[in-house]
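# Structural overview
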Amino acid sequence: MVSGFDIPSRTAIAKIHNLPIKILEDESFNLESSIQRNCDQLEVSIRGRLLKGEEFPLPPQVRGCVLKDINAEEYVAKDKNWLLNAYSQERTWSTEGVFETLTAWAHDDVPHKSIHWIPRVLQWPAMAKQAHSQVSMEELDKQLKILSNTTHIVSP
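Report follows, based on the coordinates. Given the structure is predicted, the values throughout are model-derived calculations rather than measurements. (Residues numbered from 1 in each chain as written. Predicted model: local features only at pLDDT ≥ 70, side-chain atom pairs only at ≥ 80, totals over all residues. Heavy atoms only, no water.)

## Some words on the sheet that holds strand E6 (residues 64-69)
Put simply, the rule reads: DSSP bridges decide pairing: two strands pair if at least two such bridges lie between them. Where helices and strands are cited, they refer to DSSP runs of H or I of at least four residues and of E of at least two residues respectively, numbered from the N terminus.
Across the sheet, three strands lie side by side as E1-E7-E6; this open sheet has mixed pairing. With one partner strand each, in any of the chains shown, strand E1 (12-13) and E6 form the two edges of the open sheet.

Printed below as a string of structure tokens:
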């Protein structure tokens, strides 16, 4: 996670959607204007297929950024396979937008929080903070005593 990253104040607010379908670049489709809100559920029909969605807010003090490789069009004009070598090239990025929620979509039913990847990814900042925090010897001893009292080894 990047800390201390400055985002220009005039950066646009972006809407981020994870769709279970592919929309080609040359297809014109305005997802935002097609979304229907029924109570707490989001629904949209794309190519006659019903999709149901749910918005997931980012954790506090976390902001998402939409980045754009500003030289990508130049690279594509020179070499159609530029992406294969992109990691070895110097690249320049610009911030195109920021977001504070992600919307996940699934066919026929709302994405389930326990199996969809977005809610699980959003748990990582808190888990990383816990995993990398310092633990005192007293706390460690206390946890080891709890584990030793609850763990029973059965020999064959």
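And the narrative resumes.
## Concerning the sheet that holds strand E4 (residues 41-46)
Applicable threshold: Helix axes are fitted only over the stretch in contact, all axes being lines through C-alpha atoms; the angle between N-to-C directions runs from 0 to 180 degrees.
Strand order in the open sheet made by the five strands is E2-E8-E5-E4-E3, with mixed pairing throughout. Here the strands that pair on one side only, and so sit at the sheet edges, are strand E2 (16-18) and strand E3 (36-38). Neighbour to neighbour, the strand axes of the sheet diverge by 30° on average, direction disregarded. Pairing of E4 with strand E5 (residues 49-57), which is carried by five bridges, proceeds in the antiparallel orientation. In the strand pairing of E5, Val44 is matched with Leu51.

## What about the pattern of salt bridges?
For the record, the criterion: Should a side-chain nitrogen of Lys or Arg be within 4 Å of a carboxyl oxygen of Asp or Glu, the pair is scored as a salt bridge. Exposure is judged per residue with a 1.4 Å probe applied to protein chains only, and the accessible area is read against the type maximum: over 50% gives exposed, under 20% gives buried, and values in between give partly exposed.
With the rule as written, the count across this model stands at two salt bridges. Among the salt bridges present, the one from Glu55 reaches Arg37, with a minimum N-O distance of 3.4 Å. Linking Glu55 in strand E5 with Arg37 in strand E3, this pair joins segments that are 18 residues apart in sequence. Residue Arg37 is classed as exposed on the basis of its relative accessible area, which comes to 55%. One salt bridge in this structure joins Glu43 and Lys52, with 4.0 Å as the shortest N-O distance. For the pair Glu43 and Lys52, a shared accessibility class is recorded, and that class is buried.

## Brief notes about the environment of Thr11
Stated formally: Contacts are residue-level and defined by heavy atoms, with any inter-residue pair within 4.5 Å sufficient.
Looking at the element boundaries, Thr11 is found in the segment before E1. Using a relative accessible area of 14% as the deciding quantity, one classes Thr11 as buried. Separated by 86 residues in sequence, Thr11 and Gly97 place their C-alpha atoms 5.4 Å apart. With residues up to four places along the chain from it excluded, the contact list for Thr11 reads Thr95, Glu96, Gly97 and Val98.

## Quick notes on the side chain of Lys52
Note that Lys52 resides in strand E5. Overall, Lys52 belongs to the buried group, its relative accessible area being 16%. Not counting residues within four places of it along the chain, the set of residues in contact with Lys52 comprises Gln41, Leu42, Glu43, Ala104, Trp105, Ala106, Asp108, Asp109, Val110 and Pro111.

## So, a nonpolar patch on the surface
Basically, it comes down to this: A patch consists of residues exposed above 30% relative accessible area that lack any salt bridge, with like charges linked at up to 9 Å and nonpolar side chains (Val, Leu, Ile, Met, Phe, Trp, Tyr) linked at up to 5 Å. Note on areas: these come from Shrake-Rupley sampling with a 1.4 Å probe, and a residue is covered only by the protein chains present in the view.
A cluster of nonpolar side chains, namely Val135, Met137, Leu140, Leu144 and Leu147, defines an oily patch on the protein surface of about 490 Å² accessible area. Relative to the assigned elements, Val135 resides in the loop between helix H4 (124-131) and helix H5 (137-150).

## Focus on the environment of Val44
Its place among the elements puts Val44 in strand E4. Since its relative accessible area comes to 2%, Val44 is described here as buried. Distance from Val44 to Ser33, taken between C-alpha atoms, is 9.5 Å for residues 11 residues apart in sequence. Residues in contact with Val44, not counting those within four places in the same chain, are Phe29, Leu31, Ser34, Ile35, Arg49, Leu50, Leu51 and Trp105.

## Notes on the side chain of Glu43
Short version of the rule: Side-chain atoms alone can form a polar contact between residues adjacent in sequence; in general such a contact is a pair of N or O atoms within 3.5 Å, and within protein one must be able to donate a hydrogen while the other accepts it.
Mapped onto the elements, Glu43 comes out in strand E4. A polar contact of 3.1 Å, which involves the side chain of Glu43, links it to the side chain of Asn38. Discounting residues that sit within four places of it in the chain, Glu43 has contacts with Ser34, Ile35, Gln36, Asn38, Leu50, Leu51, Lys52 and Trp105.

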